[in-house]
Amino acid sequence: MKSCDTQSDLIPVETALAHLVERSTPITGVETIPVAEALGRVLAESPVASVSVPPADNSGMDGYALNTSDLHKGETQLVISQRIPAGVAPQPLTPGNCARIFTGAEIPAGADTVVMQENVSLDGDLATFPDGVAAGDNIRRAGQDINVGDALLANGVRLQPADLGLLASVGLSEVSVYRRLKVAILSTGDELVEPGLPLAAGQIYNSNRYILTGLLQGLGMDVVDLGCVADTREATLAALEKASVEADAIVSTGGVSVGEEDHVKHCVETLGELDLWKIRIKPGKPVAYGRVKDTPFIGLPGNPTSTLITFCLFARPCLLGLQGATYQPSVVLPLPAGFERSRAIQRQEYLRVRFEGGALIPYSNQSSGVLASASWAHGLAVVPVNTQVRLGDPIGFIPFSELLT
């Protein structure tokens, strides 16, 4: 992909995303770990159930198990022959008898229904049942959740808490996952100072380092922190070479624009190749993608809100693909706009918004340097290219919960 200089020739968001996803071939090894430690990890196999869940028919509530063939028209009285709590193997039910049974307990052979306890009258060891009891009531069938031989989850699934429970429910204690991706991060800019140090004139604190670290840790990846790189060609080349050796992927902030002090783009081209640059997006146009030697490289803009948004939209799916995860498009919800946009812009815009009073309300200042907008927001409103927005129009909304983990 060639870089472009005019608004009309900038790479569309969908094209850039497809380009990144297509090239995100898993590059990591595989390891076996306990299921209890697998949250957020990516499956390197498709586990198969060796048992059914539940393994046998069981009661859906506290009540009495019986066979409907023993019931007569009107009320019927049966002898309570056994008590079956969960976890205890029942005895077969003989004709004319019923069994006291509890939720989750196995249905005894010979029973075909469970009557909830609230509908049963007791007199010693006798239970009286009403008319109208149907076979199959309140019974959870064996295998209604999972059958032996079922594939539980697909290779490439990023494991969530429910997935861990699913694996445990069939007795799996270990699972095969891709090893953690190592991602090198570096910030460029002589104006950047680490928190805790005094600021001189013209300097700002380096927030991007902490944004990237938090985002990568949230994805379960290992961070190789190369710190802040001086605004020189020599320092930038050295940092990129070091990153290419120590990490599986590189993410930088700043230095991918066209200024005289923006060295990253040219250094990447010297050490490897750059095949994507400049996206039709606001904020964050100068996103870059390529390789430093054989290591994938993603260059993000230096303004902190641009860093956050472009990481979520482009770097995140790319890195998850490198980690072995199957690509999952973000959920975009159509919600009413609580704002108007009379002028159609030429770049797809992502506004920091809250959902309040039934509508999406944008932060008052959408500058790419205003990081407070992201902390305030519930997510991003998506305004497509050449689109006007009227109050109440449905507009796409991506919750941060979709983008930050």
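Residues numbered from 1 in each chain as written. Predicted model: local features only at pLDDT ≥ 70, side-chain atom pairs only at ≥ 80, totals over all residues. Heavy atoms only, no water.

Asker: Explain the packing of aromatic side chains to me, using residue names and the numbers behind them.
Answerer: Think of a pair of aromatic rings as described by two things: how far the centres are apart, and how the planes are tilted against each other in angle. Tallied over the entire structure, the rule returns 2 aromatic pairs. Geometrically, the ring pair formed by Tyr64 and Phe129 is edge-to-face, given 6.2 Å between the ring centres and 75 degrees between the ring planes. Here Tyr64, found in strand 3 (residues 63-66), pairs with Phe129, found in strand 8 (residues 126-129); they are 65 residues apart in sequence, far enough to count as distant. The pair formed by Tyr64 and Phe129 is uniform in burial state, with each residue classed as buried. The cationic tip of Lys265 hangs over the ring face of Trp277; the distance from NZ or CZ to the ring centre is 4.4 Å. When the ring centre of Trp277 is taken as reference, the NZ or CZ atom of Lys278 above it lies at 4.5 Å. (Phe/Tyr/Trp six-rings, centres within 6.5 Å; stacked < 30°, edge-to-face > 60°. Helix = DSSP H or I, 4+ residues; strand = E, 2+ residues; numbered from the N terminus. Buried < 20%, exposed > 50% of the residue type's maximum accessible area, 1.4 Å probe, protein only. Lys NZ or Arg CZ within 6 Å of the ring centre and 35° of its normal.)

Asker: Tell me about the sheet that holds strand 8, and please be specific about residues and values.
Answerer: Strand order across the open sheet formed by 6 strands is 6-3-5-4-8-7, with mixed pairing between neighbours. The two strands at the open ends of the sheet, each matched to only one other strand, are strand 6 (113-116) and strand 7 (121-123). With strand direction ignored, the average angle separating the axes of adjacent strands in the sheet is 40 degrees. Both strand 3 and strand 5 (residues 97-101) contribute to a ladder of 3 bridges, which runs antiparallel. For Gly63, the partnering residue across the bridge sits in strand 5 and is Ile101. (Pairing = 2+ DSSP bridges. Axes fitted to C-alpha atoms, helices over the stretch in contact; angles between N-to-C directions.)

Asker: An account of unusual backbone geometry is needed here, citing residue identities and associated values.
Answerer: The omega torsion across Val53 and Pro54 is -10 degrees, close enough to zero to call that bond cis. Within the secondary structure, Pro54 is located in the loop between strand 1 (30-34) and strand 2 (58-59). The omega torsion across Lys282 and Pro283 is 0 degrees, close enough to zero to call that bond cis. Checked against the element boundaries, Pro283 lands in the loop between strand 17 (281-282) and strand 18 (288-292). Residue Asn138 is not a glycine yet carries a positive backbone phi of 60 degrees. Phi at Lys278 is positive, roughly 75 degrees, even though this residue is not glycine. The topology assignment puts Lys278 in the loop between strand 16 (272-277) and strand 17. Residue class for Lys278 comes out buried when judged on its relative accessible area of 10%.

Asker: Run through the packing of helix 1 (residues 13-22) against helix 6 (residues 304-323), naming residues and quoting values.
Answerer: Axis separation between helix 1 and helix 6 bottoms out at 9 Å; the angle between their running directions is 20 degrees. Of the possible angle classes, the one that applies to helix 1 and helix 6 is roughly parallel. For the element pair helix 1 and helix 6, the recorded crossing hand is right-handed. Residues Val13, Ala16, Leu17, Leu20 and Val21 of helix 1 form the contact with helix 6, whose participating residues are Leu313, Phe314, Pro317 and Cys318. (Parallel < 35°, antiparallel > 145°, perpendicular 65-115°, else oblique. Left-handed = near helix turned anticlockwise from the far one by under 90°. Contact = heavy atoms within 4.5 Å.)

Coordinates in, geometry out; function isn't part of it.
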